[in-house]
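A closer look at the structure
Okay, here's what each chain looks like letter by letter:
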Amino acid sequence: MAEKKNRAMARKVKDRWKSKEWYNILAPQMFNLAKIGETLTNDPETVVGRVATVTLQDLTGDFSMSHLKLKFKVRDIRGYDAYTEFIAHDMASDYVRRLSRRHVTRVDTVLDVRTVDNYILRIKPMAIVNRRIQNGQRTAIRNIITESLNEYAKNKTLADIVKGMISGEISKMLAKNCKPIVPIRRMEIRKSEVLKPGDMKSVDEIIEEEKKRQEEEEARKAEEAAKKKAEEMKAEEEKEEKKEAETAEPADEKGNEEAPAEEEKKE
């Protein structure tokens, strides 16, 4: 009896796996809906809410960005595609430890900013100074970072800020603003997290915009290909004309040499 029961359970497990299907996990629109992974389920509704963690290297192919980790949460399903939203990013702990070695000062700041599309985002910048600094200088650096980021986020969307954090644009701006207090050896956005979602586009709007973008991209590529082909044909024609001109020059010279010879013969 026990053996029959075990066989029945094994069949049920196999049947359960057979009923499951693979769903593609797509990055948010700010990353061009790139495929970042797959997930297996027998009920699409259970996919909503799952969190996928990828490195920036996985998205861009740039090995130097392997220390940046991005977190996306599945928000909706369309067909076999799972659409996600950005919820957080952080740096690998070993990368942070390498920056915070001996004989340097690390200044951490935590602040919440509101974007133009009404997201509330918690940002944790980290400034590294090559020497020991006073408490007053620490406070001044934190104040500059807070004022600069609040001013920067005031006219930016969440997508703009995320791109600014991972590209290093915000870090460069903060390091430049802090330079009058003390030269900054390294400025990094160590971590960020969405505390409150804002005005989010619907998945249908995103799909429509992506379809339009792909059509425009294909039209642009077709135009560039046609232009390149026209330039190649023009270059080929010029080459043929030049070759014909070079061939005609010796014939003209030969004709000019024969004309005086015929005149001498007549005389």
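Here, every reference points to the structure presented above.
What comes next is a walk through the structure.

Conventions used here
- Residues numbered from 1 in each chain as written.
- Predicted model: local features only at pLDDT ≥ 70, side-chain atom pairs only at ≥ 80, totals over all residues.
- Heavy atoms only, no water.
- Axes fitted to C-alpha atoms, helices over the stretch in contact; angles between N-to-C directions.
- Helix = DSSP H or I, 4+ residues; strand = E, 2+ residues; numbered from the N terminus.
- Parallel < 35°, antiparallel > 145°, perpendicular 65-115°, else oblique.
- Left-handed = near helix turned anticlockwise from the far one by under 90°.
- Contact = heavy atoms within 4.5 Å.
- Nonpolar A, V, L, I, M, F, W, Y, C, P; charged D, E, K, R; others polar.
- 1 Å grid on protein atoms, 1.4 Å probe; cavity = no way out; pocket = protein on both sides within 12 Å on 5 of 7 lines; lining within 4 Å.
- Points joined across faces, edges and corners; volume = space filled by probe spheres on them.
- Polar contact = N/O pair within 3.5 Å; in protein donor to acceptor, adjacent residues only side chain to side chain.
- Phe/Tyr/Trp six-rings, centres within 6.5 Å; stacked < 30°, edge-to-face > 60°.
- Buried < 20%, exposed > 50% of the residue type's maximum accessible area, 1.4 Å probe, protein only.
- Arc of directions from axis to C-beta.
- Pairing = 2+ DSSP bridges.
- Salt bridge = Lys/Arg side-chain N within 4 Å of Asp/Glu carboxyl O.

**A word on the packing of helix 4 (residues 135–153) against helix 6 (residues 169–178)**
- Packing of helix 4 against helix 6 brings their axes to within 10 Å, and their N-to-C directions diverge by 135°. Taken together, helix 4 and helix 6 sit at an angle that is classed as oblique. In the packing of helix 4 onto helix 6, the handedness of the crossing is right-handed. Counted together, I141, I144, I145, S148, L149 and Y152 of helix 4 and E169, I170, M173, L174, N177 and C178 of helix 6 form the full contact between these two elements.
- When the residues that make up the contact of helix 4 with helix 6 are grouped by side-chain class, the tally is nine nonpolar, two polar and one charged.

**What about the layout of surface pockets?**
- Of the volumes computed, that of the largest pocket is approximately 390 Å³.
- When the residues that make up the lining of the largest pocket are grouped by side-chain class, the tally is eight nonpolar, three polar and six charged.
- Within this model, the second largest pocket holds a volume of roughly 230 Å³.
- Taken together, 16 residues form the lining of the second largest pocket, with M65, I166, G168, R186 and E188 sitting closest to its centre.

**Some words on the environment of S167**
- By secondary structure assignment, the location of S167 is in helix 5 (residues 158–167).
- In this structure the C-alpha to C-alpha distance between S167 and M65, which are 102 residues apart in sequence, comes to 9.6 Å.
- A polar contact is formed between the side chain of S167 and the backbone oxygen of G164, at a distance of 3.4 Å.

**Considering the packing of aromatic side chains**
- Summed over the entire model, instances satisfying the criterion amount to three aromatic pairs.
- Ring geometry for Y23 and Y80: centres 5.3 Å apart, planes at 40°, overall tilted. In this pair, Y23 is assigned in strand 1 (residues 21–26) and Y80 in the loop between strand 4 (68–78) and strand 5 (81–91), connecting sequence segments 57 residues apart.
- An aromatic cluster of at least three residues, connected via ring pairs, comprises F31, F72 and F86.

**Focus on helix 6**
- Buried within helix 6 are the following residues: I170, S171, L174 and C178. Angularly, the buried residues of helix 6 cover 100° about the axis, an arc narrow enough to put them on a single face. Of the exposed residues in helix 6, those oriented more than 90 degrees away from the buried face are K172 and K176.
- The inward-facing, buried residues of helix 6 contact strand 8 (120–129), helix 4, helix 5 and strand 9 (186–196).

**A word on the side chain of T109**
- Along the chain, T109 turns up in the loop between strand 6 (105–108) and strand 7 (111–114).
- Overall, T109 belongs to the buried group, its relative accessible area being 4%.
- In this view, T109 contacts I123, K124, P125, R142, I145 and T146; residues no more than four positions away in its chain are not counted.

**Description of the pairing of strand 6**
- The alternating pattern of strand 6 places T105 and V107 on a buried face and R106 and D108 on a face that is not buried.
- Taken together, the four bridges between strand 6 and strand 8 define a ladder with antiparallel strand orientation. By the bridge assignment, D108 is partnered in strand 8 with M126.

**Things to note about the pattern of salt bridges**
- The tally for this structure, following the rule as stated, stands at 13 salt bridges.
- R98 is the salt-bridge partner of D94, the closest N and O atoms lying 4.0 Å from each other. Taken together, the residues D94 and R98, both in helix 3 (residues 93–99) and four residues apart, mark about one turn of the helix.
- For D94, a relative accessible area of 38% puts it in the partly exposed group.
- Residue class for R98 comes out exposed when judged on its relative accessible area of 54%.

**What about helix 5?**
- For helix 5, the complete set of buried residues consists of L158, I161, V162, G164, M165 and I166.
- Once helix 5 finishes, G168 follows within two positions and takes phi at roughly 95°, a positive value.

**So, unusual backbone geometry**
- Look at N32: it is not a glycine, yet its phi comes out positive at around 60°.
- In this structure, N32 sits in the loop between strand 1 and strand 2 (35–41).
- Positive phi, normally seen in glycine, also occurs at L33, with a value near 55°.
- For L33, the location among the structural elements is in the loop between strand 1 and strand 2.
- A residue is classified by how much of its surface remains accessible, and L33, at 13% relative accessible area, is buried.

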